[in-house]
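Single-letter residue listing:
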Amino acid sequence: MASTARSSTQEEQQRQYCSRKPKWWTQLSGRRGTRGQRQAIQRMTHRGYCLPKDVLTDFSRVNNRARQNSAHGHVDESDRSFISTRRHGCKNHEWRRTWWNRALGIAGNETEVESLCATNADAGIGTTSNNAMAAAASKRGDKHSHKIHQMYSYKNPLPPKKYEQVWLEIGFGNGDNLLANANNHPDALCIGCEIHQPGVGTLLRQMEISLGYLDGAADSQKRRGAQAADGNNDRGDSSQGEENVALVALNGEPPMQLSPSLRRAPGEKSCQNIRILPGDGIKLLSHLPTNYLNVMLITFPDPWPRDCHAHWRVVQREVVREMHRILKSFGRVYVVTDAECFDEWTREIFRKESSSFNLLDGNCGDSTPATLWNEIKPCPDRASWLPEVSYYENKGIEEGRCAMLQCWQRL
C-alpha cells in the first residue's frame, strides 16, 4: 500500500509545475539587480529589445481570463472575440499570434511588413475585435481596463523583420549562450526568458555596447570617476533622459567586459535579433500561440534534487504538453543539465508523454494513440545550439560533473 501511495504521489508531481518557490529559495536567488543593470533594462525596454514587464502581466491577465471562461463555458460579449473556434480538432488563437508578432517585431509576409511599419500611433493591434475587447472591458467597469487597452496598443518600436525561425531559451543566466546563438543564426529570432534581474541586466548592457549605444571604455571610465566623486551614494534610479542615463556612473560595479560572441568587425552590429522576456519562462508557454516556435532550449535549470521538491522542476507533464502545442512540426527541444536526477526525470517525462494517448481526433472526443516525441540519438553537436560554456557549467566541471544533453523532436 505504501509503495502504491508513493507511486501515485510521484505521478501527481509529474503533472503540474509549481511556480511559487519557497521563501528561502527566493531570498537566495531572487536578489535585485544593481542600479546600472536596472537602468540598462529600462533603456533597452524603451528601444524594444526587452518587453515591458507590465505589458506581459496584462497580457497574462487577459489570456488567463479567456482560458477560464472557455473552460467553464461562460462566454460574454467581451470575451467572445478572443475565444477561438475549433478547427480540425485544435484551437487557433489568431489574436495571440497577431499580438506576439507586433510585440516582438515579426513580419510574416510583405503585406504584414507594410502593416507593421505603419506609423499610426493610435492603432492598436489593428483589428476591430481587439479594440472591441478593450472597449467592452471598460464598459463593464473592469479595474484593469486602461492597462488592457495599453497592452493591446503596444507595438515594438523596432522595425519589423521576417525571420526564418523563432528560438526560445528558458533560463539564459548571463546570456552568453543566447548571444552566441543570435550571432550564429542571424536569420532566427532568439527569445530569452530569465527570472533573475541581474542576469537580464548584464545581458542588456552587453547588447548596448555591441549595438553602439554605449562605449565600453567610456562607460568604465565614467563609472570610476563617479565612484570617486560620489562615494557609496547609490539611492534610487536616475530620472534623467535617455541620453544622460546612457553613460551614467554606476557605483561599485566592475567594468563591463564584452562577451567574445559579440566581438565583431567595426560597424557590424550584432544581437539585433534578440528579444528579452523578463520573468518565468515556463509560465510564458501557455500564452504563446500554437505552432509558433522552431527550437526551445532549457539550459542548466535548478535540478531540485530532493524528491519532495520535484514539483518545482521546470519539466513536468503539463509543461511538455504545452511545448508540443507551441512547437511547429519537427521542432526540437534541447535540454542540458549536469544533475543525473534531473536528466533521468526529464527522459521519463518525455517518454510518458510520447506514449500517452492524449491526441484528440476532434470528432467524438476519442483518444487516438500517437507518438508525440522522438528522442534524437546521438544528440546533435552542441556547437549548433550550445556553443558557450557558462560559468555554471565550468563550476560543475571543476566539481566533477559533466553536462548531459538531450534532444527531443516534436512529431
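Now for a look at the structure at hand.

The rules behind these values
- Residues numbered from 1 in each chain as written.
- Predicted model: local features only at pLDDT ≥ 70, side-chain atom pairs only at ≥ 80, totals over all residues.
- Heavy atoms only, no water.
- Axes fitted to C-alpha atoms, helices over the stretch in contact; angles between N-to-C directions.
- Helix = DSSP H or I, 4+ residues; strand = E, 2+ residues; numbered from the N terminus.
- Contact = heavy atoms within 4.5 Å.
- Salt bridge = Lys/Arg side-chain N within 4 Å of Asp/Glu carboxyl O.
- Buried < 20%, exposed > 50% of the residue type's maximum accessible area, 1.4 Å probe, protein only.
- Lys, Arg positive; Asp, Glu negative; His and termini not counted.
- Polar contact = N/O pair within 3.5 Å; in protein donor to acceptor, adjacent residues only side chain to side chain.
- Pairing = 2+ DSSP bridges.
- Parallel < 35°, antiparallel > 145°, perpendicular 65-115°, else oblique.
- Left-handed = near helix turned anticlockwise from the far one by under 90°.
- Nonpolar A, V, L, I, M, F, W, Y, C, P; charged D, E, K, R; others polar.
- Core = buried A, V, L, I, M, F, W, Y, C linked by side-chain atoms within 4.5 Å.
- Phe/Tyr/Trp six-rings, centres within 6.5 Å; stacked < 30°, edge-to-face > 60°.
- Lys NZ or Arg CZ within 6 Å of the ring centre and 35° of its normal.
- Expected span 1.5 Å × (residues − 1).

## Re the packing of helix 9 (residues 176–184) against helix 10 (residues 197–211)
Item 1. In contact at an axis separation of 10 Å, helix 9 and helix 10 are set at 40 degrees when each is read in the N-to-C sense. In this structure, helix 9 contributes Asp 176, Leu 178 and Leu 179 to the contact, and helix 10 contributes Leu 203, Gln 206 and Met 207.

## Observations concerning the pattern of salt bridges
Item 1. Summed over the entire model, instances satisfying the criterion amount to 13 salt bridges.
Item 2. Asp 338 is the partner of Arg 401 in a salt bridge, and the nearest nitrogen-oxygen pair spans 3.2 Å. A residue pair is termed long-range when its members are at least 10 positions apart, and Arg 401 in the loop between helix 16 (391–398) and strand 11 (404–410) and Asp 338 in the loop between strand 7 (327–337) and helix 15 (340–355) qualify at 63 residues.
Item 3. Among the residues examined, Arg 401 registers a relative accessible area of 29% and is labelled partly exposed.
Item 4. A relative accessible area of 9% places Asp 338 in the buried class.
Item 5. In this structure, Lys 352 engages Glu 348 in a salt bridge whose closest nitrogen and oxygen atoms are separated by 3.2 Å.

## Regarding the side chain of Glu 169
Item 1. With respect to the helices, strands and loops of the structure, Glu 169 is situated in strand 3 (residues 165–170).
Item 2. Arg 382 is the oppositely charged side chain nearest to the buried, salt-bridge-free Glu 169, at an N-O distance of 10.0 Å.
Item 3. Within the structure, the side chain of Glu 169 is placed 3.5 Å from the side chain of Asn 177, a separation counted as a polar contact.
Item 4. Those residues in contact with Glu 169, other than ones at most four positions away along the chain, are Asn 177, Leu 178, Asn 181, Ile 191, Gly 192, Cys 193, Leu 297 and Thr 299.

## Topic: the sheet that holds strand 7
Item 1. Across the sheet, seven strands lie side by side as 5-4-3-6-7-11-10; this open sheet has mixed pairing. Strands with a single pairing partner mark the edges of an open sheet, and in this sheet they are strand 5 (274–278) and strand 10 (373–375). Neighbour to neighbour, the strand axes of the sheet diverge by 20 degrees on average, direction disregarded.
Item 2. Alignment of strand 3 against strand 6 (residues 293–299), held across four bridges, turns out to be parallel.

## Considerations on the packing of helix 3 (residues 35–47) against helix 10
Item 1. Packing of helix 3 against helix 10 brings their axes to within 8 Å, and their N-to-C directions diverge by 60 degrees. Accordingly, the angle class assigned to the pair helix 3 and helix 10 is oblique. For helix 3 against helix 10, the interelement crossing comes out left-handed. Residues Gly 36, Gln 37, Arg 38, Ala 40, Ile 41, Arg 43, Met 44 and Arg 47 of helix 3 pack against Gln 197, Pro 198, Val 200, Gly 201, Thr 202, Leu 204, Arg 205, Met 207, Glu 208 and Leu 211 of helix 10.
Item 2. The residue inventory of the contact of helix 3 with helix 10, partitioned by class, reads eight nonpolar, five polar and five charged.

## A closer look at the nonpolar core
Item 1. Judged by nonpolar contacts, the single largest core of 50 residues is most densely connected at Trp 100 and Met 296.
Item 2. A per-element tally of this core places helix 5 (residues 94–104) first, with five residues.
Item 3. Counting 30 residues, the second largest nonpolar core, distinct from the first, contains Tyr 49, Leu 203, Val 336 and Leu 386.

## With respect to the packing of aromatic side chains
Item 1. The final tally for this structure, using the stated rule, is eight aromatic pairs.
Item 2. Centre to centre, the rings of Trp 304 and Trp 312 are 4.9 Å apart; their planes meet at 45 degrees, and the pair counts as tilted.
Item 3. Residue Trp 304 is classed as buried on the basis of its relative accessible area, which comes to 3%.
Item 4. Here the aromatic residues Phe 59, Trp 99 and Trp 100 are joined through ring pairs into a cluster of three or more.
Item 5. When the ring centre of Tyr 213 is taken as reference, the NZ or CZ atom of Arg 47 above it lies at 3.8 Å.
Item 6. Against the face of Trp 345 rests Arg 313, its NZ or CZ located 4.7 Å from the ring centre.

## Observations concerning unusual backbone geometry
Item 1. For the bond from Lys 377 to Pro 378, the omega torsion is -10 degrees, close enough to zero to count as cis.
Item 2. One non-glycine residue with positive phi stands out, namely Asn 291, at about 55 degrees.
Item 3. Residue position: Asn 291 is located in the loop between helix 13 (281–284) and strand 6.
Item 4. A relative accessible area of 35% places Asn 291 in the partly exposed class.
Item 5. Backbone geometry at Trp 304 places phi at a positive 45 degrees, although glycine is not the residue there.

## Digging into the pairing of strand 4 (residues 188–194)
Item 1. Within strand 4, seven of the seven residues are buried, which leaves the element mostly enclosed by the surrounding structure.
Item 2. Side chains Ala 188, Cys 190, Gly 192 and Glu 194 of strand 4 all project onto a buried face; the interleaved residues Leu 189, Ile 191 and Cys 193 project onto the opposite face, where all are buried too.
Item 3. Pairing between strand 3 and strand 4: six bridges, direction parallel. Bridge assignment links Val 166 to a residue of strand 4, and that residue is Leu 189.

## What to know about the pairing of strand 5
Item 1. Burial runs high along strand 5: five of the five residues are buried.
Item 2. Here strand 5 shows no split at all, with Ile 274, Ile 276 and Pro 278 on one side and Arg 275 and Leu 277 on the other all buried.
Item 3. Of the pairings in the sheet, the one linking strand 4 to strand 5 comprises five bridges and is parallel in character. Paired with Gly 192 across the two strands is Ile 276, which belongs to strand 5.

## Overview of helix 10
Owing to its 3.6 residues per turn, the α-helix brings residues three or four apart onto one side.
Item 1. Taking 1.5 Å per residue as the helical rise, helix 10 with its 15 residues ought to reach 21 Å, and the 21 Å between its terminal C-alpha atoms agrees with that figure.
Item 2. Counting buried positions along helix 10 gives 14 out of 15 residues, so the element sits mostly inside the fold.
Item 3. Directly after helix 10, the chain includes Gly 212, whose backbone phi takes a positive value near 90 degrees.

That's the geometry; what it means functionally is another story.
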